[in-house]
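Notes for the structure review
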Amino acid sequence: MDSVDDMILLAEVAENGGFTRAGARIGMPKSTVSQRIAQLEERLGLRLLNRSTRQVSLTEAGQVYLDYCRRVRAEVSAAATAMSNLKGQPDGRLRITCPEITASHFMPGFLQGFATEFPRIAVELIATNRPLDIIRERIDFAFRVGDITGQDLVLRRVSRIRRTLVSSPDYLAHNPAPRTPEDLLSHRCLLHDAQPEWLFAAGDDRLSIRPTPAAKSDTMGYLLHAAMAGSGVTLLPAYVCEPAIASGRLVKLLPDWEAPPYSMALVFPNQKNLSRPQAAFRSYAQGFDFSQLAGGSVD
């Protein structure tokens, strides 16, 4: 197999018009350059260069071979750049926590983008609805909703999240669709433990109801699938139920009324000396478009 270095050397000789200039460019004596090209020709069994006292020029075989030499040189350069980039990339591990529904409906795509950009950072994702003690449990970043406390924490709002009232077509086939929020009091309502009260707004009108739960859960995932199964009416983050609405498995109810959106924030310890993986994640999150998480346009 021909020496890759000699192929690159031939490209330099051809592009610089001779052994002397090629040698000066790459820091190699003219005699060594000439000898290496002669050895390459011997291995190939073909003359690649026409030599004279004043200049060298490519033979027909040399012109054909030059195209391959240039490709090899480009690939070698690309490989060196890739290795250099890897060598300079952050290397380590991050512990990230978020609500269970966010873990299943948003984080896979979000973290895949991060892994593509920073392949040497391993991520441990802790999906829980419990507000973990970020400092004590050594959490690097947390996606949180609702009230957030902690003097040693930094909070950056990620997005406001719309909520949508939904039920399945099967449920509506056996129950009249509600026309006002008060109508929900006579429906089977599926409630999240943290949201016993449902608030709605339409223009200047505000209504608050406390439905008697037909079922309760601390996870939005259960409420989503229970609603799709026809168990009743529930209030879900828009980004969670929009795919099911688009496919016809869920129907949006009370389109003239809106539930106030809530905020999701990215929370992390307040520390001056960030590790390289932590700095990489903060930069990635800072530049990420969280409009998908918002579930449509929110003021």
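Remember, predicted model here, so these are calculated numbers, not experimental data.

Scoring rules and cut-offs
Residues numbered from 1 in each chain as written. Predicted model: local features only at pLDDT ≥ 70, side-chain atom pairs only at ≥ 80, totals over all residues. Heavy atoms only, no water. Helix = DSSP H or I, 4+ residues; strand = E, 2+ residues; numbered from the N terminus. Buried < 20%, exposed > 50% of the residue type's maximum accessible area, 1.4 Å probe, protein only. Contact = heavy atoms within 4.5 Å. Lys, Arg positive; Asp, Glu negative; His and termini not counted. Charge placed at Lys NZ, Arg CZ, Asp CG, Glu CD. Core = buried A, V, L, I, M, F, W, Y, C linked by side-chain atoms within 4.5 Å. Polar contact = N/O pair within 3.5 Å; in protein donor to acceptor, adjacent residues only side chain to side chain. 1 Å grid on protein atoms, 1.4 Å probe; cavity = no way out; pocket = protein on both sides within 12 Å on 5 of 7 lines; lining within 4 Å. Points joined across faces, edges and corners; volume = space filled by probe spheres on them. Nonpolar A, V, L, I, M, F, W, Y, C, P; charged D, E, K, R; others polar.

Along its length, the protein chain carries 11 helices and 13 strands. Summarising its shape, the C-alpha atoms of the protein chain cover approximately 100 × 45 × 35 Å along the three principal directions. Burial statistics for the protein chain: of 299 residues in total, 41% are counted as buried. Long-range pairs, those at least 24 residues apart, make up 75% of the contacts in the protein chain with a sequence separation of at least 6. For the protein chain, the distance from the average position of its 34 positive side-chain charges to the average position of its 32 negative side-chain charges is 7 Å.

The next thing to look at is the nonpolar core. Counting 41 residues, the largest nonpolar core has Phe110, Phe143 and Phe281 as its most contacted members. With 6 residues, helix 8 (residues 220-228) is the largest single contributor of residues to this core. Contact partners of phenylalanine 143, with chain neighbours within four places excluded, come to Ile96, Thr97, Cys98, Pro99, Met107, Phe110, Val158, Met264, Ala265, Leu266, Phe281 and Phe290. Core analysis: the second largest hydrophobic core is formed by 16 residues, Ile37, Leu48, Val56 and Leu66 among them.

Following the sequence through the fold, glutamine 278 ends up in helix 10 (residues 276-287). Here the side chain of glutamine 278 touches aspartate 140 through a polar contact of 2.7 Å, side chain to side chain. Beyond its immediate sequence surroundings of up to four residues, glutamine 278 is in contact with Leu94, Asp140, Phe141 and Gln271.

The phi dihedral of arginine 138 is positive, around 55 degrees, even though this residue is not glycine. Inspection of the secondary structure assignment puts arginine 138 in the loop between strand 4 (121-127) and strand 5 (141-145). Backbone geometry places leucine 254, a non-glycine residue, at a positive phi of 45 degrees. Along the chain, the position of leucine 254 falls in the loop between strand 12 (251-252) and strand 13 (259-269). Leucine 254 gets classed as buried once you look at its relative accessible area, which sits at 3%.

Structurally, leucine 155 can be placed in strand 6 (residues 153-167). Residues leucine 155 and alanine 265 lie 110 residues apart in sequence; the distance between their C-alpha atoms is 6.3 Å. Not counting chain neighbours up to four residues away, the residues in contact with leucine 155 comprise Ile148, Ala265 and Leu266.

We now examine empty space enclosed by the protein. One pass over the full model with this rule turns up 1 cavity of 30 Å³ or more. Estimates place the volume of the largest cavity at around 40 Å³. Along the walls of the largest cavity sit Asp140, Phe141, Phe268, Pro269, Gln271, Leu274, Gln278 and Arg282, which together make up its complete lining. Of all the elements in the fold, those that place two or more residues in the lining of the largest cavity are strand 13 and helix 10. Taken together, the residues of the lining of the largest cavity sort by class into 4 nonpolar, 2 polar and 2 charged.

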